[in-house]
Protein chains: 4
Amino acid sequence: MESPEPSHSFASDNNSGVHPAVMEALERVNEGHVLAYGEDPYTATAIDAFRGLFAAPVEVLFCWGGTGANIVGLHSILQSFQAVICAASSHINVDECGAAEWMLGTKLIDLEAPHGKLTPSQVEDQMYVLGDEHHVQPGALSVTQSTESGTLYTLDELGELAEMAHRFGLKVHLDGARLANACAAEVMRPEDLLDAGIDVLTFGGTKNGAMYGEAVVFLDPSLAERARFLRKQNAQLPSKMRYIATQFGALFENDLWLDNARTANTMASRLGKAVASLDGVVLASPPQVNALFARLDRRAIDALQSWSYFYDWDQSRNEVRWMCSFDTTNQDIDRFVAGVAEALALAP
Amino acid sequence: MESPEPSHSFASDNNSGVHPAVMEALERVNEGHVLAYGEDPYTATAIDAFRGLFAAPVEVLFCWGGTGANIVGLHSILQSFQAVICAASSHINVDECGAAEWMLGTKLIDLEAPHGKLTPSQVEDQMYVLGDEHHVQPGALSVTQSTESGTLYTLDELGELAEMAHRFGLKVHLDGARLANACAAEVMRPEDLLDAGIDVLTFGGTKNGAMYGEAVVFLDPSLAERARFLRKQNAQLPSKMRYIATQFGALFENDLWLDNARTANTMASRLGKAVASLDGVVLASPPQVNALFARLDRRAIDALQSWSYFYDWDQSRNEVRWMCSFDTTNQDIDRFVAGVAEALALAP
Amino acid sequence: MESPEPSHSFASDNNSGVHPAVMEALERVNEGHVLAYGEDPYTATAIDAFRGLFAAPVEVLFCWGGTGANIVGLHSILQSFQAVICAASSHINVDECGAAEWMLGTKLIDLEAPHGKLTPSQVEDQMYVLGDEHHVQPGALSVTQSTESGTLYTLDELGELAEMAHRFGLKVHLDGARLANACAAEVMRPEDLLDAGIDVLTFGGTKNGAMYGEAVVFLDPSLAERARFLRKQNAQLPSKMRYIATQFGALFENDLWLDNARTANTMASRLGKAVASLDGVVLASPPQVNALFARLDRRAIDALQSWSYFYDWDQSRNEVRWMCSFDTTNQDIDRFVAGVAEALALAP
Amino acid sequence: MESPEPSHSFASDNNSGVHPAVMEALERVNEGHVLAYGEDPYTATAIDAFRGLFAAPVEVLFCWGGTGANIVGLHSILQSFQAVICAASSHINVDECGAAEWMLGTKLIDLEAPHGKLTPSQVEDQMYVLGDEHHVQPGALSVTQSTESGTLYTLDELGELAEMAHRFGLKVHLDGARLANACAAEVMRPEDLLDAGIDVLTFGGTKNGAMYGEAVVFLDPSLAERARFLRKQNAQLPSKMRYIATQFGALFENDLWLDNARTANTMASRLGKAVASLDGVVLASPPQVNALFARLDRRAIDALQSWSYFYDWDQSRNEVRWMCSFDTTNQDIDRFVAGVAEALALAP
C-alpha cells in the first residue's frame, strides 16, 4: 500500500482523542478542593444542564464508562428473577464479557434483530412465560439508539416498543452510547424520549469527544434514589466527580455534542458515497449515523487492515465496519478512499 | 468562626484537584487516534514504568477507581467459595457499599484491628475452618498500606502476615490507594512488596494528584491473564486508556508521586504538632502518613466542620479525621490551626 | 471406655432418623399421580394447616433444606444493596459456607451476641449508615429462635428487636430451624410471632422428626408472590412436593411436632441435671431447649468423642455441645452420663 | 369426554409417585442415628454402587433436585467469566428461572437445536471469541441425554461434541435427568460416558421412581474436591443424606433403574403407535424414549387437557407433550388413546 495513511483511523470512535473544548473545561475546574463523589457545584450544574436538555426534572448519575452505566441503569429497573429482552447484536449482549449476567445475575433474552432493531411483536412473543415460576420473567427491554449496526429507530418505533413493554409491566432501558449521533441525525431530540416511554438511559460522552464518563439519565426520577446505592455497589461511583461533570458541561455548551456527532455522521455519509462508487465495495446499507458497514474482497480487507486498522465485523460475510469520529477530517476520507481503491486494485 | 478558611480543606485527598504536571501530560497525549482498551503505546510505556518501579516483570491492569481495582485484584485470587480476611476498618469492608459481597459473592471476614493493622495470629485463628465444607473457606488476606487509620505496616509485619497467609494457601492482596504515602514515609519501596510476599495490589493514583485511574499490579504475573477478563466483566476496563496511562507516566517522572505523597505526609506531621500543643485536642496517635485522627469537644467539632468540612470519624468518641493532600500548603495548616484554636475557645 | 454406647448419639438432631408417623404419612400419599411443584392437594392441605397453626392467612413455600429456606426468606425481603444484621454465631453466618453472600450478594453484619441473642441497641448502633451510599444499607434483621447457643428469646425480646428494626425500615427474618423447641419450651406459640412483628421465617421440620423439607412462612403474605420466583431461581423448588407437604401434615397432627420437641428438650434438661452433678463438668448455662453446652477436661472430651461422637463446639474453651433429639431415650441419657463419668475418671 | 381417565396422567414423570422398592429402602435405613451430610455408611455404599455402574473411580455428590445438581456440576467446571454453550431448548435455559445466570453469574449461549441436539460445528462456530476480553468466554458445553425433546444422542455424537469442546479447552457437562431412559434405550451404558469425554453429569433419580435426590457424578474425579464447597455454598447439601443414598441403592439393585426407564420408554412407544394410527394426530417424530410429541387440533387439545392434564408444549404449532413414567400401565395407554379418539371426534 503506497497511499498515505489517514491521520484518524476508521477503527472506532473510542480511538479518538478528547475535543479541545472538553480539555479546556478540565483545566478550568482544576482549582482548589471540592467535595468528592458528586457533592460538588460542578456536578449540580451539569445535572441542571441535563434537565434543560430533556426539558424535564430528570435525575442523573454519572458513571465511569459505558458498560458500567448500562449496569447501573439496568440494575435500577430489574428484580433478581427478571430478564432483559435485547437484540442479539446489542453491546450488552456481545461486548461486555457477560457483565450483565455476572454483575446483575440477569438473563439476557437476546433476539435476532435485523439491522440491530427489535420490533414490538418480538417483545410480545416472549410474554407467554409471565407468571410461570419455572421461567425467568422478562422485566426490562433494552434498545440501543443509534444501534450497534449504525441504524436508527424512528421515534414512533421506540414509542411502540416501549408501549408494548409497558403493557406487560416491563421497564425500558436505552443504551445511548451514541445517542448524540441519533440526535444529530435529526430523528429525535432528547426530550422526545420521555414521550416515547423510555424509563432510563445511558447518555454517552466518551465516543463523542469526552475523555471518559457516561451519564445514567433517569427519565423516571423515582428510580434514581435506589440507583445511588447500586452505582456504588457496582463500583461505578467516580470520586473526583467534577472532572466528569465539566466534560458534559463543555459538550452541552453551544451544542458542541450535536456538532461533534454531526461531523461524525457527515463524514460517514461522505465516505459511504465515495466507496459506493468503487467497483468491489458493497454497502450493507446507506449509513444513517457515523458507522459504515461494507463488504469487499478478503484480500483487500487484509491489505487495508494492516495499513490502517478497523474492525472485521463479520468475517463469514467479509463485512467490515468503518467508524467515523468527531475528529475525522475530509483529508482522512480522501486518503482512506484512495487506500480502498488501491487495495481493491491489488486484489483483482 | 472568624478565622479565614483554608484554601484546601482537610476533608479528603479525594477532594483535591489534579497536579499540574498530570494535567499537562493529559494534554500531551491528546493527539490523533490510538487503539482503545490499552492496546496503545502510552499504556505499554506506563506498564514498563511500573516494571522499573518494582524492578520485576509485574503485570499491570489499569482500572477506573479504587473500588473497582480492589474488586479486580481480589477476584483474580479468589474462588467463589472463598472468603477474604480483612480489618474491620478496611475500605473494602466499610466504604464500598458491599461491592465485594455483591460483585464477587465473597464473604469478608472482618476482624477488629487496632489502628487498622492485622496480626499474623489473627489470621491463624481463622484457619481452623479449612477443609470443612460448612464454613466459607478463607482464600485471601487483604491488608491496606498505608492503612485507613493513617498507620503503617513495617515491611517485617507485612512479610510475617503474608507468610502466615501463604502457609495456609491464602493469597495476599494489598489495597494501596495510599501506597505512595507509605513509600514517602520511607518504610518501604515498591520492590520490597515482592519480597514481602504480596501477590496483587491496588496502586493508587487518584488520591495522589491524578484525575482518575488506579492500577492493579500483579506481582505474581501469572494472575493477570485471567484478570483481563475479570476486569471487563466487572465493568472496570477504560476505553480511552491512554489518558490513564499517561497520568501514571507523569507521576513516575522525577518521582513526582513520592514528592506529592511526601508533601501530604509532611503537612499532616506539621498539623499534628501544631494542634497537639492546643489544650483540648488529643491525637489518637502521632501521624505516620497524611491523616491525623484527633479527639476534641463536640461543640468545637461542630463549629469547625461547618466552617471547613472534614469527616466525623467516630462520633461515639468525638474523633475526627483531618486529611492532608499533595496540594495542602503551609498557609492551609496555619489557617486550620487558628480555626481549631478559635473553635475550642468558643466551646470552653 | 467400657460403658455401653448410647443408641442415639448426642452429636446432632440432624443425625436422627424419621419419626414413624412421618414415615407412615410418606407411604400414605404414595398413590398415583399428582401435579408436581406444589400444585397438588396435599400441599394445599398442608398450607391450610400452617394457617391454622398461625391463626392467620400466612403464605407458605416449602423448600428442600434449612440453608435454602433461609436464602429464600432473606431474598424475599432484601434489595441487592442491603445487608443483614445477625448474630456472629448465627447459622447463616457460620454454617452455610457463605451461601447468603454468594447466592444473594448480601453482606452479613455479624455482631457478637452473648448466648446467641441480639439486643435492640445493637441493632440501633448500626443505623448511622442509613442513607450513605458508601455504606451497605442494613435492610433486614435475622434472629434465630431457639438460638444456635441453645437459648431462647422471650416474646418481649423478639418484639422489641422487631420494633427497633421496623423503626428504621428493616424487615425481620427468623431462622426457626428449631422453632418447635422454642414452642415446646412454652415461651411462645407460632401465632405470637405475628404480634412480635416477624415478617418471614423458616419453620424447620428436619431436626424435629422429618426426613427433609423446611417451610418458609410469610407472616406478611404479600412477600410470597415475588418469593415464588426467588425459590425456583435459587434452586429450592422441590418437584414431588407432596412428600414434603405430608411430612408437615404428620407433624401437625395431634401436635406431634410439639411432642417431639418437648421430648428433646426434656432429655437435654435431664442430661444437664445429671452431668452438672459430676465433678469436672461445668455447664455454660442451664439448657433451655434441646442443646447442652458443657466444659470439661480436654482428655475427657477426646475419650468421649471417640466413644460416641459429638461436636467440639469451642476448642479454645474446651466447650462441647451435646444435642438431644426427638428420639433420645432415658437409656441414652443414662449411658451417656455413665460414659462422661468414666471419661472424667480416666482424666484425673 | 366420557372415556374413563387414565390412573396415571401423561403430564410429567415428576407427577409420578415413588417406586415401592424405593419406599421400602427408605424405611429400612430409618433406624438409629448416623452422621449427617454424607458422612454415613449408606452414602459410602451408594457411592460405591455408582463406581460399579461407571466401572471407574468416579466421585459422587448427592443433591436435592435437578436444578441444583446442574448448578453444582456447571459451577465445578466454570470460571466466572466463562459461558455455557447449550441448546435453546435445554432445561437449564428454559425451565430453571434463570438459576444458572443468578447463582453462577454465567451466560448461557443458547443455540437453536433441532430436536434438542447440538452439533460439533455449532460449537466450533462460537469459538472465534476465545481470547478476546470483550466477549464472554465459552468455558463449558452442556448437553442433555435423553434430550428435553425426547430424542437421543448416539455415543458417537456425544463423543464428537466432547472432542470439539475439549479441543478448545471447554469442559463438558451432561444433564442426565433422564439418563436412565437413554440407557434403557440401549444407545449407551453409563461407563460409555467416560470414553465419550463427559467431565461431569447430573444422574437423575426423581423422574425414575425416586422421591427426591439427584447425583452429580464427576467422571473427572479431580473436580469433586472443589465441588464439595460449591454444593454447600449453593444450598444443595442435604442433611439427612442416608435417605437419598438409599434411594439410589434401591434403584441400582437388580437394575431397577433400567427396568423403570424401560417401562416408561415402552409405554411411550406403545402410545406412539396407537395414536399415530388415529386420523388427526401427527407425531413430531417417533418416540425414542419416554416422551411423545404430537400435533393435533386445538379443540381436541383443550378437551383432552381438561380431562387428563398434560403440557401444551408449543402452542404456536398445536404441539403437545405426552410423557410416560415408570408406573404408566397398559390400561393408562388404552384409556388415553380412547380419550384422544373421543376428543378428535368432538373436534371434527
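Small disclaimer: the values here were computed from a predicted structure and weren't measured.

Procedures and definitions
- Residues numbered from 1 in each chain as written.
- Chains lettered and ligands numbered in written order.
- Predicted model: local features only at pLDDT ≥ 70, side-chain atom pairs only at ≥ 80, totals over all residues.
- Heavy atoms only, no water.
- Helix = DSSP H or I, 4+ residues; strand = E, 2+ residues; numbered from the N terminus.
- Rg over C-alpha atoms; globule rule 2.2 N^0.38 Å.
- Buried < 20%, exposed > 50% of the residue type's maximum accessible area, 1.4 Å probe, protein only.
- Contact = heavy atoms within 4.5 Å.
- Areas by Shrake-Rupley, 256 points an atom, 1.4 Å probe, with all protein chains shown as cover.
- Lys, Arg positive; Asp, Glu negative; His and termini not counted.
- Charge placed at Lys NZ, Arg CZ, Asp CG, Glu CD.
- Least-squares fit on C-alpha atoms with pLDDT ≥ 70 in both.
- Buried area = accessible area lost by both parts, 1.4 Å probe.
- Salt bridge = Lys/Arg side-chain N within 4 Å of Asp/Glu carboxyl O.
- Polar contact = N/O pair within 3.5 Å; in protein donor to acceptor, adjacent residues only side chain to side chain.
- pLDDT = per-residue confidence, 0-100.
- Domains from an automatic or database assignment.
- Phe/Tyr/Trp six-rings, centres within 6.5 Å; stacked < 30°, edge-to-face > 60°.
- Lys NZ or Arg CZ within 6 Å of the ring centre and 35° of its normal.
- Pairing = 2+ DSSP bridges.
- Axes fitted to C-alpha atoms, helices over the stretch in contact; angles between N-to-C directions.
- 1 Å grid on protein atoms, 1.4 Å probe; cavity = no way out; pocket = protein on both sides within 12 Å on 5 of 7 lines; lining within 4 Å.
- Points joined across faces, edges and corners; volume = space filled by probe spheres on them.
- Nonpolar A, V, L, I, M, F, W, Y, C, P; charged D, E, K, R; others polar.

Trainee: I keep staring at the overall build of chain A and nothing clicks. Help me out?
Mentor: Within chain A, the regular secondary structure consists of 14 helices and 11 strands. Rg of the C-alpha trace for chain A: 21 Å, near the compact-globule value of 20 Å for 348 residues, within the 12% margin. The principal-axis extents of the C-alpha atoms in chain A amount to approximately 60 × 55 × 35 Å. Among the 348 residues that make up chain A, the fraction classed as buried is 67%. Once local pairs closer than 6 in sequence are excluded, the contacts in chain A between residues at least 24 apart make up 75%. In the form shown here, chain A has an accessible surface area of approximately 11,400 Å², with 49% of it arising from carbon and sulfur atoms. Positive and negative side-chain charges of chain A, numbering 24 and 46 respectively, have mean locations separated by a distance of 3 Å.

Trainee: Whenever I open this one, unusual backbone geometry confuses me. Can you help?
Mentor: When glycine is set aside, most residues are seen to have a negative phi, and most peptide bonds are trans. Cis geometry marks the peptide bond from Q145 of chain A to S146 of chain A, where omega comes out at -15°. The residue S146 of chain A is located in the loop between β4 (137–144) and α7 (155–167) in this model. One non-glycine residue with positive phi stands out, namely Y37 of chain C, at about 60°. Inspection of the secondary structure assignment puts Y37 of chain C in the loop between α1 (20–28) and α2 (41–54). Using a relative accessible area of 17% as the deciding quantity, one classes Y37 of chain C as buried. In this model, H115 of chain C sits at a positive phi of 60°, which is unusual for a non-glycine residue. Within the secondary structure, H115 of chain C sits in the loop between β3 (108–111) and α6 (120–124). Under the relative-accessibility criterion, H115 of chain C is labelled partly exposed at 49%.

Trainee: What is the right way to look at the relation of the copies chain A and chain B in this model?
Mentor: Related by rotation about an axis and a shift along that axis, the two copies of the chain form a pair. Laying chain A over chain B is done by rotating through 180° and shifting 0.0 Å along the axis; what remains is an RMSD of 0.1 Å. Classification of the inter-copy transformation places it as that of a two-fold axis. Taking C-alpha positions as reference, the residue of chain A nearest the rotation axis is M103 of chain A, located at 2.8 Å. Most of the interface of chain A is mirrored in chain B: 100% of its interface residues are interface residues there too.

Trainee: Quick question: what am I supposed to make of the interface of chain A and chain D here?
Mentor: Much of the literature gives interface size as the accessible area that the parts lose upon coming together. On the chain D side, the residues contacting the 20 residues of chain A number 20 residues. Surface buried jointly by chain A and chain D totals about 1,500 Å² across both partners, of which 54% is contributed by carbon and sulfur atoms. Considering only the surface of chain A that becomes buried against chain D, C97, W102 and K107 of chain A emerge as the three largest contributors, covering 34% of it. Our count for the contact surface shared by chain A and chain D stands at two salt bridges. The residue E101 of chain A makes a salt bridge to K107 of chain D at a minimum N-O spacing of 2.4 Å. Along the contact surface separating chain A from chain D lie 12 residue pairs in polar contact (both at pLDDT 80 or more). Tallying contributions element by element places helix α5 (residues 99–104) of chain A first for the side of chain A that touches chain D, with three residues.

Trainee: Explain the relation of the copies chain A and chain D here, please?
Mentor: Once chain A is rotated about the relating axis by 180° and shifted along it by 0.0 Å, it coincides with chain D to within an RMSD of 0.0 Å. Here 100% of the contact residues of chain A are again contact residues in chain D; the copies associate through an equivalent surface.

Trainee: Which parts of the structure should I look at to understand the confidence of the model for chain A?
Mentor: Any region with low pLDDT has predicted coordinates that should not be read closely. Of the residues in chain A, 100% have a pLDDT of 70 or more, and the chain-wide mean is 97. As a predicted assembly, this complex carries a pTM of 0.97 together with an ipTM value of 0.96.

Trainee: Before we go on, may I ask you to explain the domain arrangement of chain A in this structure?
Mentor: All names here are of chain A. Under the domain assignment, chain A is made up of domain 1 (21–255) and domain 2 (256–346). Once you take the C-alpha centre of each, domain 1 and domain 2 turn out to be 28 Å apart. In total, domain 1 and domain 2 occlude about 1,800 Å² of area from one another, counting both sides; carbon and sulfur atoms represent 57% of this. For the pair domain 1 and domain 2, the interface holds 12 residue pairs in polar contact (both at pLDDT 80 or more). Counting only elements with at least two residues in the side of domain 1 that touches domain 2, the list comes to α8 (179–184) and α11 (242–252). Top element by residues in the side of domain 1 that touches domain 2 is α8. It accounts for five residues.

Trainee: Which parts of the structure should I look at to understand the packing of aromatic side chains?
Mentor: We describe a pair of aromatic rings using the distance from one ring centre to the other and the angle between the two ring planes. Under the criterion given, the structure shown has 90 aromatic pairs over all chains. On the numbers, 6.2 Å between centres and 90° between planes, the contact of F310 of chain A with F336 of chain A is edge-to-face. Of this pair, F310 of chain A sits in the loop between α13 (298–307) and β10 (311–314) while F336 of chain A sits in helix α14 (residues 330–346), placing them 26 residues apart in sequence. Judged by relative accessible area, F310 of chain A falls into the buried class, the value being 0%. Centre to centre, the rings of F50 of chain C and F248 of chain C are 5.3 Å apart; their planes meet at 55°, and the pair counts as tilted. With F50 of chain C in helix α2 and F248 of chain C in helix α11 (residues 242–252), the pair connects residues that are 198 residues apart, well separated along the chain. The exposure class of F50 of chain C is buried, given its relative accessible area of 0%. The buried category is assigned to F248 of chain C, whose relative accessible area is 2%. A network of ring pairs unites the aromatic residues F50, F54, F62, F203, F248, F252 and W257 of chain A as a single cluster. Seen from the ring of F229 of chain C, R228 of chain C lies directly overhead, with NZ or CZ sitting 4.7 Å from the centre.

Trainee: Hey, could you run me through the sheet that holds strand β1 (residues 59–63) of chain B in this one?
Mentor: Strand pairing within a sheet occurs via backbone hydrogen bonds; the two strands may be parallel or antiparallel. Residue and element names in this part refer to chain B. Taken in spatial order, the seven strands of this open sheet run β1-β7-β6-β5-β4-β2-β3, and their pairing is mixed. The sheet terminates laterally at β1 and β3 (108–111), the two strands that pair on one side only. On average, each strand axis in the sheet is inclined to that of its neighbour by 25°, with strand direction left out of account. Of the strands in this sheet, β1, β6 (200–204) and β7 (214–218) are in contact with helix α2 (residues 41–54), which crosses β1 at around 125°.

Trainee: Please clarify how the side chain of S146 of chain A should be interpreted in this entry.
Mentor: By relative accessible area, S146 of chain A is classed as buried at 2%. When neighbours within four sequence positions are excluded, S146 of chain A is seen to be in contact with T151, L152, R178, L179, N181, A182 and V289 of chain A.

Trainee: Would you take a moment to explain the sheet that holds strand β5 (residues 171–176) of chain C for this structure?
Mentor: Residues and elements named next belong to chain C. The strand order across the open sheet formed by seven strands is β1-β7-β6-β5-β4-β2-β3, and the pairing between neighbours is mixed. The two strands at the open ends of the sheet, each matched to only one other strand, are β1 (59–63) and β3. Each neighbouring strand pair of the sheet contributes to a mean axis angle of 25°, computed without reference to strand direction. One ladder, built from four bridges, connects strand β2 (residues 82–87) with β3; its direction is parallel. Among the inter-strand pairings, C86 is bridged to a residue of β3, identified as D110. Strand contacts of α2: β1, β6 (200–204) and β7 (214–218), with the helix running at about 125° to β1, the strand carrying the most contacts.

Trainee: Please clarify how empty space enclosed by the protein should be interpreted in this entry.
Mentor: Empty space among the atoms becomes apparent when a probe as large as a water molecule is rolled across them. In the structure shown here, the tally under the stated rule is 14 cavities of 30 Å³ or more. Computed from the structure, the largest cavity encloses a volume of approximately 150 Å³. Lining the largest cavity are 19 residues; nearest its centre among them are W102 of chain A, W102 of chain B, W102 and M103 of chain C together with W102 of chain D. Residue assignment for the lining of the largest cavity shows that the elements contributing at least two residues are α5 of chain A, α5 (99–104) of chain B, α5 (99–104) of chain C together with α5 (99–104) of chain D. Residues of the lining of the largest cavity, tallied by class, amount to 12 nonpolar, four polar and three charged.

Trainee: Help me understand the pairing of strand β10 (residues 311–314) of chain B, please; the structure alone is not making it clear to me.
Mentor: Two faces, one strand: in a regular strand the side chains alternate between the faces of the sheet. Direction of pairing for β10 of chain B relative to strand β11 (residues 319–323) of chain B: antiparallel, over a ladder of two bridges. For Y311 of chain B, the partnering residue across the bridge sits in β11 of chain B and is R321 of chain B.

Trainee: How do you make sense of the interface of chain A and chain B when you look at a structure like this?
Mentor: The interface of chain A with chain B comprises 51 residues on the first partner and 51 residues on the second. For the pair chain A and chain B, the summed buried area comes to about 4,200 Å², and 58% of that belongs to carbon and sulfur atoms. Taken as a group, H33, W102 and K240 of chain A account for 20% of the area that chain A buries against chain B, more than any other trio of residues on that side. At the boundary of chain A and chain B, one finds zero salt bridges. Our enumeration of links across chain A and chain B arrives at 32 residue pairs in polar contact (both at pLDDT 80 or more).

Trainee: Whenever I open this one, the pairing of strand β7 (residues 214–218) of chain D confuses me. Can you help?
Mentor: Residues and elements named next belong to chain D. Counting buried positions along β7 yields five of five residues, so the element is predominantly enclosed. Along β7, one buried face is formed by E214, V216 and F218 and the opposite face, lined by A215 and V217, is buried too. With five bridges connecting them, strand β1 (residues 59–63) and β7 associate as antiparallel partners. Opposite L61, over in β7, you have V216 as the bridge partner. Examined bridge by bridge, strand β6 (residues 200–204) and β7 share five bridges and lie antiparallel to one another. Paired with V200 across the two strands is F218, which belongs to β7.

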